[in-house]
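As a plain string of letters, each chain reads:
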Amino acid sequence: MNSCHEIETREMLPDLLHGSLDASVRAGVEKHVAGCEECREELDVLRTVKAAAVFAPTIDVNRVVGHIAPYAKIVPVVDAPARSRVVSWLVAASFLVVIAGGGSLLVVQQNDAGAPYASTSPSRPVDATPVPIRAPSPRTTAAAPVGQPASHALALGTGVETLTDNNIRQLMSDMDSFDALPASEPEPVMNVDNSDQGTR
Amino acid sequence: MTPSPEIRSEESDMELIHRWKAGDSRAATRLVGRHSQALSRFAASTGERDGVEELVQDTFVRAFASLDSFRGESSFRTWLFSIERRLMLDRRRAERRSRETVPLEESDSVSEYGALDSLIADEAQERVRRSLESLSPTQREVFTLRVQQGMSYKEIAEVLGSTEGATRVHYHNAIQRVKEFLKDE
């Protein structure tokens, strides 16, 4: 228990020890210490503690200075991070576009594989609009359902059933004589002269 | 209160810092010579076991490398002590991790203080050492900075990242404990 109630003065004892008090303040503290046994004892303790610190290793100043790098002013860079951020965003956006495009292509290809009868031509999208119901034609009722083209209809819109047997035979013989059919025999392969390879 | 004699020299720390930035390497020598022993004492007093010289050297290397971030709001000396303290804490954390144990900070710091065994021979100083051992790490830091370094409570609060009020409380608890310890011996 402290008998001295001069708390402010007691708090200045370490400053008195280090000689860091102004002259007038120092005189007041010294006067108090002279008449206060507790503060004298505390000052003795502080002196002893301070003296015990002299056993710290001595530092080689030149060795420490030798490890200090020369001063290099750190120039704050303001624009560079902003530019790099823009470039980063552009690169990221490009990647996103590429990934999205590739992903869309994959989805389209998978849809093609799963639905072979769906239209794959972008110029002919599947028409989702309802087809008006027409009165069934007596010629197409059995062959083609309403709203779907007849699979066996000829290109000019004429049905096969309108042809006579002679017409059909003539048509088939004409088809046999088409030149546009691919040849069954492969094209002859040209021989390449490789004799100059060894000279390189 | 006037600045301590170390600070009250013919050339202030800030003037030396400006000179060093202008290319005068002797200014660095002056600054290191001015503060290195105080940093060494603080490290030894607070229980730094090995490599006090290396610790002081690292403190200056780090301080000079980041001098542009020193705004002069606190004194250069206080700033150095705060850097050294952070380095000490980093070291102790690394040591704890390397030992793969999780001891309490209090007991850990007490064991580290045994490093002074070989340094203190005098009986009275041995008693002081043991009395400081009985303090908590924070009390010991505050007490050491106040008594051995002569720092004000404001400066100590800056070093510890604490408040003046808290450092006052730590100091009063510490001085009471040290006095009681020395009386009972």
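Rules behind the numbers
- Residues numbered from 1 in each chain as written.
- Chains lettered and ligands numbered in written order.
- Predicted model: local features only at pLDDT ≥ 70, side-chain atom pairs only at ≥ 80, totals over all residues.
- Helix = DSSP H or I, 4+ residues; strand = E, 2+ residues; numbered from the N terminus.
- Buried ≥ 20, exposed ≤ 12 C-beta atoms within 10 Å, placed from the backbone.
- Contact = placed C-beta atoms within 7 Å.
- Expected span 1.5 Å × (residues − 1).
- Arc of directions from axis to C-beta.
- Nonpolar A, V, L, I, M, F, W, Y, C, P; charged D, E, K, R; others polar.
- Core = buried A, V, L, I, M, F, W, Y, C linked by C-beta atoms within 7 Å.

**Q** Help me out: how do you make sense of the overall build of chain B in this one?
**A** Helix and strand content of chain B: nine helices and zero strands. Each helix and strand of chain B, placed in order from N terminus to C terminus, yields the pattern α-α-α-α-α-α-α-α-α. Expressed as a percentage of the 185 residues in chain B, the buried residues total 40%. Put simply, of all contacts in chain B between residues at least 6 apart along the chain, 62% involve residues at least 24 apart.

**Q** What is the right way to look at helix H4 (residues 37-51) of chain A in this model?
**A** Residues separated by three or four positions in an α-helix point in the same direction, a consequence of the helix having 3.6 residues per turn. Along its 15 residues, H4(A) runs 21 Å from first to last C-alpha, staying within 8% of the 21 Å computed at 1.5 Å per residue. Those residues of H4(A) that fall on the buried side of the exposure criterion are Cys39(A), Glu42(A), Val45(A), Leu46(A) and Val49(A). Along the axis of H4(A), the buried positions cluster into a sector of 115°, meaning they face one direction only. Opposite the buried face of H4(A), at more than 90 degrees from it, the exposed residues are Glu37(A) and Asp44(A). On the buried face of H4(A), the contacting elements are helix H1 (7-11), helix H2 (13-17) and helix H3 (23-35) of chain A together with helix H6 (123-133), helix H7 (137-148) and helix H9 (164-184) of chain B.

**Q** When you look at the interface of chain B and chain A in this model, what are you seeing that I'm missing?
**A** At the junction of the two partners, chain B supplies 41 residues and chain A supplies 28 residues. When contributions to the side of chain B that touches chain A are tallied by element, the ones reaching two or more residues are helix H1 (13-21), helix H2 (25-45), helix H3 (52-65), H6, H7 and H9 of chain B. Among the residues making up the side of chain B that touches chain A, the classes are represented as 22 nonpolar, twelve polar and seven charged.

**Q** How should I be thinking about the nonpolar core in this particular structure?
**A** Burial of nonpolar side chains together is a common tendency in soluble globular proteins. Core analysis: the biggest nonpolar cluster contains 55 residues, and Ala28(B), Ala43(B) and Val56(B) have the highest contact counts within it. Considering each element in turn, this core owes the most residues, nine residues, to H2(B).

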